[in-house]
Amino acid sequence: MDNTSNFIRDIIIKDLESGKHKTVVTRFPPEPNGYLHIGHAKSIVLNFGFADEFGGTTNLRFDDTNPLKEDIEYVHSIKEDVQWLGFEWDNLHFASDYFEEMYNRAVLLIKKGLAYVDDLSADEIREYRGTLTEPGKNSPYRDRSIEENLDLFARMRAGEFEDGAKVLRAKIDMSSPNINLRDPVLYRIAHAEHHNTGNEWCIYPMYAFAHPLEDAIEGVTHSICTVEFEDQRPFYNWVVEQCEMEATPQQIEFGRLNITNTVMSKRKLKQLVDEGFVDGWDDPRMPTISGMRRRGYTPEAIRTFVRETGVSKSSGAVDEQMLEHFVREDLKLKAPRPMAVMNPLKVVITNYPEGEVEWLDAENNPENEEMGIRQIPFSREIYIEQDDFMEDPPKKYFRLFPGNEVRLKHAYFIKCEEVIKDEDENVVELRCTYDPETKSGTGFTGRKVKGTIHWVEASNAVPAEFRLYEPLILDDDGEEDGEDDEKTFLDKVNPNSLEVLQGFIEPNMKDVQPQDKFQFFRHGYFNVDPTLTTPEKPVFNRIVSLKSSFRL
Ligand code: ATP
Ligand code: MG
Ligand code: MG
């Protein structure tokens, strides 16, 4: 963690100093109902970071209390992503391992006259709950005797009732100004198979009841969660107290991470996957950890980014450029800088000897000498970018045009002598001449050119695919808390978020491995796609371009 103070750290320090806690125990509690996203990374960094800082421990706990939405596939992906981000949990738990204990605590509440079985339907319960300005009404089943409630709850567990026929509710106060205290539901019936407990249970605890119990069972000291749970805190404390839990975890809320042009709710991300807007949870356009990994983001960059976003109670959207800034920073000195041509245009150098290939020295990273030099071939035929030539250029265009001379990076000056077109007037080839005197590295100062372009020698070039990305969602504000309109969200999906190009890379790159990272000269940072790459053809995902207007 960074050393700047924040309110969560202040609470922890105070609790340790006052002796309220001797050690710090935190947990990261994902529900296995989707893949982790960059918002979860923030929660991971905070929970593991604070425990680490104060010599405590962190549990990875699957909050698997809703079998209707959960799946073992998600359990596996979540573990993989937490480890990839660089964190190792001290204990691994499943909330479902506590079902028996939770049931017993619910029975205790019934015995204390603090919980009852209700036959109202979900709609009726909502209706009876009242509003912010109107108190709720008591359910007609609220005054059932303790004996009757114990009997009904046992029969709920035994499977005697249909889904939705009954629920167990806390008996608190239907006129509380905090709606979460108006007899919240503790258990519901769901005849559904659970990934961990199979068909052992047909009643499942609600999140708001289960979560404080899970924390207390594990001896969590500081239960860090996002601000939308602030109004749940009184109920959280009620559960811990009335269920007579030994440990008394403290819930602390912080503002969710939101990023411009990004949605992060798992429900929405799942919709993008299910409806085919992307190729899967790990599509490089997704803000999931697995998508970002495949795109080429590094754990270092993600960790630095979420730390720099700081801890506060508010959830404003962070500019996506800040995330891009940190991956550039991380890769700047690590990634080699070869050349790649993504929209090839052939150039024939007419005064270069036919059949000859020479090997030129090229530094791998001018900002990091330790990365050494490589040799790249040069010959009579090369590829340049179509964009680096204009037949009829505007003023201040310094790249190739008829009669103009440019520098080929690591090689020679070339001059455009002739333009070859097909029958539709498309430029298909350039004829140029080179000047041997201008060879890079010889210290030639005879004359200057204004443009430097990149290229790849044709006879040795390796075909490659390049995938360039734009934001998947176009929304400057990022995701709003509570924003729930499916339609507006899908309306913001960018139809042009992927561009696929076929071009060439240098021959010494033919054996690149999945997840290798490069800065292609003038094009930005790229990652070798682990799924689409074949031995014949590497596929590169653009992580970020080189341009940045972001300043810290
Ligand atoms: P989603 O709405 O995306 O499904 P969630 O909060 O329901 O998110 P959980 O699996 O319950 O997802 O999340 C595990 C932990 O990650 C929780 O403590 C949650 O508060 C935290 N978390 C989720 N999204 C964010 C976010 N955008 N910023 C910070 N923390 C987050
Ligand atoms: Mg949740
Ligand atoms: Mg959720």
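Conventions we followed
Residues numbered from 1 in each chain as written. Chains lettered and ligands numbered in written order. Predicted model: local features only at pLDDT ≥ 70, side-chain atom pairs only at ≥ 80, totals over all residues. Heavy atoms only, no water. Helix = DSSP H or I, 4+ residues; strand = E, 2+ residues; numbered from the N terminus. Phe/Tyr/Trp six-rings, centres within 6.5 Å; stacked < 30°, edge-to-face > 60°. Lys NZ or Arg CZ within 6 Å of the ring centre and 35° of its normal. Pairing = 2+ DSSP bridges. Salt bridge = Lys/Arg side-chain N within 4 Å of Asp/Glu carboxyl O. Buried < 20%, exposed > 50% of the residue type's maximum accessible area, 1.4 Å probe, protein only. Domains from an automatic or database assignment. Contact = heavy atoms within 4.5 Å. Buried area = accessible area lost by both parts, 1.4 Å probe. Polar contact = N/O pair within 3.5 Å; in protein donor to acceptor, adjacent residues only side chain to side chain. Near = heavy atom within 4 Å. Nonpolar A, V, L, I, M, F, W, Y, C, P; charged D, E, K, R; others polar. Axes fitted to C-alpha atoms, helices over the stretch in contact; angles between N-to-C directions. Parallel < 35°, antiparallel > 145°, perpendicular 65-115°, else oblique. UniProt positions renumbered as here; feature names shortened; annotations may be inferred.

Observations concerning unusual backbone geometry
Consideration 1: One non-glycine residue with positive phi stands out, namely Glu244, at about 60°.
Consideration 2: Note that Glu244 resides in the loop between α8 (233-242) and β9 (250-254).
Consideration 3: The phi dihedral of Glu425 falls on the positive side, at around 70°, and the residue is not glycine.
Consideration 4: You can see Glu425 is positioned in the loop between β18 (413-421) and β19 (427-435).

Quick notes on the packing of aromatic side chains
Consideration 1: Inspection of the entire model under this criterion finds 29 aromatic pairs.
Consideration 2: Judged by centre distance (4.8 Å) and plane angle (15°), the ring pair of Tyr103 and Phe153 falls under stacked. On the criterion of sequence distance, the pair formed by Tyr103 in helix α4 (residues 99-111) and Phe153 in helix α6 (residues 146-158) is long-range, its members being 50 residues apart.
Consideration 3: An aromatic cluster of at least three residues, connected via ring pairs, comprises Phe99, Tyr103, Phe153, Tyr187, Trp201, Tyr204 and Phe209.
Consideration 4: Cation over ring: Lys137 sits above Tyr128, and NZ or CZ is 4.5 Å from the ring centre.
Consideration 5: Across from the ring centre of Phe489, 5.6 Å away, lies the NZ or CZ of Lys268, which sits over that ring.

Overview of the sheet that holds β18
Consideration 1: Strand order in the open sheet formed by 7 strands is β20-β17-β18-β19-β13-β16-β21, and the pairing between neighbours is mixed. With one partner strand each, in any of the chains shown, β20 (452-453) and β21 (456-457) form the two edges of the open sheet.
Consideration 2: When strand β17 (residues 405-408) meets β20, the two strands line up parallel, connected through 2 bridges. Looking at β20, one finds that Leu408 is bridged to Ile453.

Examining the pattern of salt bridges
Where side chains of opposite charge bring their charged atoms close, a pairing between them can arise.
Consideration 1: Taken as a whole and judged by the stated rule, the model has 45 salt bridges.
Consideration 2: The closest approach of N and O atoms between Glu214 and Arg61, which form a salt bridge, is 3.0 Å. Of this pair, Glu214 sits in helix α7 (residues 207-217) while Arg61 is found in strand β2 (residues 57-62), placing the two residues 153 residues apart along the sequence.
Consideration 3: Of the charged contacts in the structure, one is a salt bridge between Asp330 and Lys334, with a shortest N-O distance of 2.7 Å.
Consideration 4: A relative accessible area of 14% means that Asp330 is categorised as buried.
Consideration 5: Looking at Lys334, the relative accessible area reads 45%, which means it is partly exposed.

Re the domain arrangement of the protein chain
A common measure of how large an interface is: the accessible area buried when the components associate.
Consideration 1: Domain annotation of the protein chain identifies domain 1 (7-254), domain 2 (259-336 + 464-544) and domain 3 (345-449).
Consideration 2: Using C-alpha coordinates to define each centre, domain 1 is positioned 33 Å away from domain 2.
Consideration 3: Listed by partner, the interface residues are 26 residues for domain 1 and 28 residues for domain 2.
Consideration 4: For the pair domain 1 and domain 2, the two sides together bury roughly 2,400 Å², of which 68% comes from carbon and sulfur.
Consideration 5: The largest per-residue losses of area from domain 1 upon contact with domain 2 belong to His37, Ile38 and Trp84, which jointly make up 31% of the total buried on that side.
Consideration 6: At the junction of domain 1 and domain 2, the tally comes to 4 salt bridges.
Consideration 7: Asp81 is the partner of Arg293 in a salt bridge, and the nearest nitrogen-oxygen pair spans 3.0 Å.
Consideration 8: Counting across the domain 1 and domain 2 interface gives 10 residue pairs in polar contact (both at pLDDT 80 or more).

Regarding the site of ligand 1
Consideration 1: In the vicinity of ligand 1 lie 15 residues, with Glu31, His37, Thr226, Leu257 and Lys266 positioned nearest.
Consideration 2: With respect to ligand 1, the backbone of Glu31 contributes an N or O atom lying 2.8 Å from an oxygen atom.
Consideration 3: Note that an oxygen atom of ligand 1 is positioned 3.2 Å from one of the backbone N or O atoms of Met264.
Consideration 4: No other element matches the 3 residues that helix α2 (residues 38-53) contributes to the shell around ligand 1.
Consideration 5: Here the shell around ligand 1 is composed, by residue class, of 6 nonpolar, 6 polar and 3 charged.
Consideration 6: Counting contributing residues per domain, the shell around ligand 1 is built from domain 1 (7-254) and domain 2 (259-336 + 464-544), each supplying no fewer than three.

Details of the packing of α2 against helix α11 (residues 299-308)
Consideration 1: In contact at an axis separation of 9 Å, α2 and α11 are set at 75° when each is read in the N-to-C sense. Considered as vectors, α2 and α11 are oriented roughly perpendicular to each other. Contact residues: α2 offers Ile38, Ala41, Lys42 and Val45, while α11 offers Ile302, Arg303, Phe305, Val306 and Arg307.
Consideration 2: Broken down by class, the residue content of the contact of α2 with α11 amounts to 6 nonpolar, no polar and 3 charged.

What to know about the UniProt feature "domain: Glutamyl/glutaminyl-tRNA synthetase class Ib catalytic" (unreviewed entry) in the protein chain
Consideration 1: UniProt annotation of "domain: Glutamyl/glutaminyl-tRNA synthetase class Ib catalytic" (unreviewed entry) refers to residues 24-332 when read in the numbering used here.
Consideration 2: Within the segment residues 24-332, helix and strand shares are 39% and 14% respectively, and the terminal C-alpha atoms sit 37 Å apart.

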